[in-house]
Amino acid sequence: QVQLVESGGGLVQAGGSLRLSCVASGRTFSSYAMGWFRQAPGTEREFVATITWSGHTYYADSVKGRFTISRDNAKSTVYLQMNSLKPEDMAIYYCAAGRKLPLSSRGSYDYWGQGTKVTVSS
């Protein structure tokens, strides 16, 4: 069992930056791929970024070059650095842990956090 708690969301102006954090409980954090997904009102939850247990990273095209995912296994924490934020990035961001493929699929993740809200003003 893995419990995930996100933090770091908030209100930011377009062009600004935010850093999201997700702390995991449990001893097996390092064996999971960790992903970030987001969901805007009226839309489906979509893939943002993921990082494998070995540190390989993958991004949605919409955030490539602006967002950076990283992990600190010693702290059981995964981060999402978001730069050059746009109004279309506004959503609730969810952290997830999983071990299945493909890593861009919601169904590949077994554990989810409650989400943190990101608001981007234009």
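Since this is a predicted model, take the numbers as computed values, not measurements.

### As for the sheet that holds strand 3 (residues 18-24)
If you trace the 4 strands from one edge of the open sheet to the other, you get 1-3-8-7, paired in antiparallel fashion. Strand pairing shows two members of the sheet lacking a second neighbour, strand 1 (4-7) and strand 7 (67-72), which therefore form its edges. Direction aside, neighbouring strands of the sheet carry axes that sit 15° apart on average. As defined by bridge partners, strand 7 adjoins strand 8 (residues 77-82) across 6 bridges and the pair is classed as antiparallel. Among the inter-strand pairings, phenylalanine 67 is bridged to a residue of strand 8, identified as methionine 82.

### Comments concerning the pattern of salt bridges
Applying the stated rule across the entire model yields 6 salt bridges. With a shortest N-O distance of 2.9 Å, aspartate 89 and arginine 38 are connected by a salt bridge. Here arginine 38 lies in strand 4 (residues 33-39) and aspartate 89 lies in the loop between strand 8 and strand 9 (91-98), a separation of 51 residues in the sequence. Note that arginine 66 and aspartate 89 form a salt bridge whose closest N and O atoms lie 2.7 Å from each other. Placement of the pair is arginine 66 in the loop between strand 6 (57-59) and strand 7 and aspartate 89 in the loop between strand 8 and strand 9, with a sequence separation of 23 residues.

### A closer look at the packing of aromatic side chains
Taken as a whole and assessed by the stated rule, the structure comprises 5 aromatic pairs. Aromatic side chains phenylalanine 37 and tyrosine 109 sit 5.2 Å apart centroid to centroid with 80° between the ring planes, which places their arrangement in the edge-to-face category. Here the residue phenylalanine 37 occupies a position in strand 4, and tyrosine 109 occupies one in strand 10 (residues 109-112), the gap between them amounting to 72 residues. Of the two residues examined, phenylalanine 37 and tyrosine 109, each falls in the buried class. Here the aromatic residues Phe37, Phe47, Tyr109 and Trp112 are joined through ring pairs into a cluster of three or more. The ring of tyrosine 94 carries arginine 45 above its face, with NZ or CZ at 3.6 Å from the centroid. In this structure, arginine 71 packs its charged tip against the face of phenylalanine 29, placed 4.6 Å from the ring centre.

### So, the state of the cysteines
Here, the word disulfide means a covalent bond between the sulfur atoms of two cysteines. Under the defined criterion, the tally for this structure stands at 1 disulfide. At a sulfur-sulfur separation of 2.1 Å, the disulfide partner of cysteine 22 is cysteine 95. Its S-S torsion of approximately -75° makes the covalent link between cysteine 22 and cysteine 95 left-handed. Placement of cysteine 22 in strand 3 and of cysteine 95 in strand 9 is noted, with a sequence separation of 73 residues between them.

Cut-offs applied
Residues numbered from 1 in each chain as written. Predicted model: local features only at pLDDT ≥ 70, side-chain atom pairs only at ≥ 80, totals over all residues. Heavy atoms only, no water. Pairing = 2+ DSSP bridges. Helix = DSSP H or I, 4+ residues; strand = E, 2+ residues; numbered from the N terminus. Axes fitted to C-alpha atoms, helices over the stretch in contact; angles between N-to-C directions. Salt bridge = Lys/Arg side-chain N within 4 Å of Asp/Glu carboxyl O. Phe/Tyr/Trp six-rings, centres within 6.5 Å; stacked < 30°, edge-to-face > 60°. Buried < 20%, exposed > 50% of the residue type's maximum accessible area, 1.4 Å probe, protein only. Lys NZ or Arg CZ within 6 Å of the ring centre and 35° of its normal. Disulfide = S-S within 2.5 Å.

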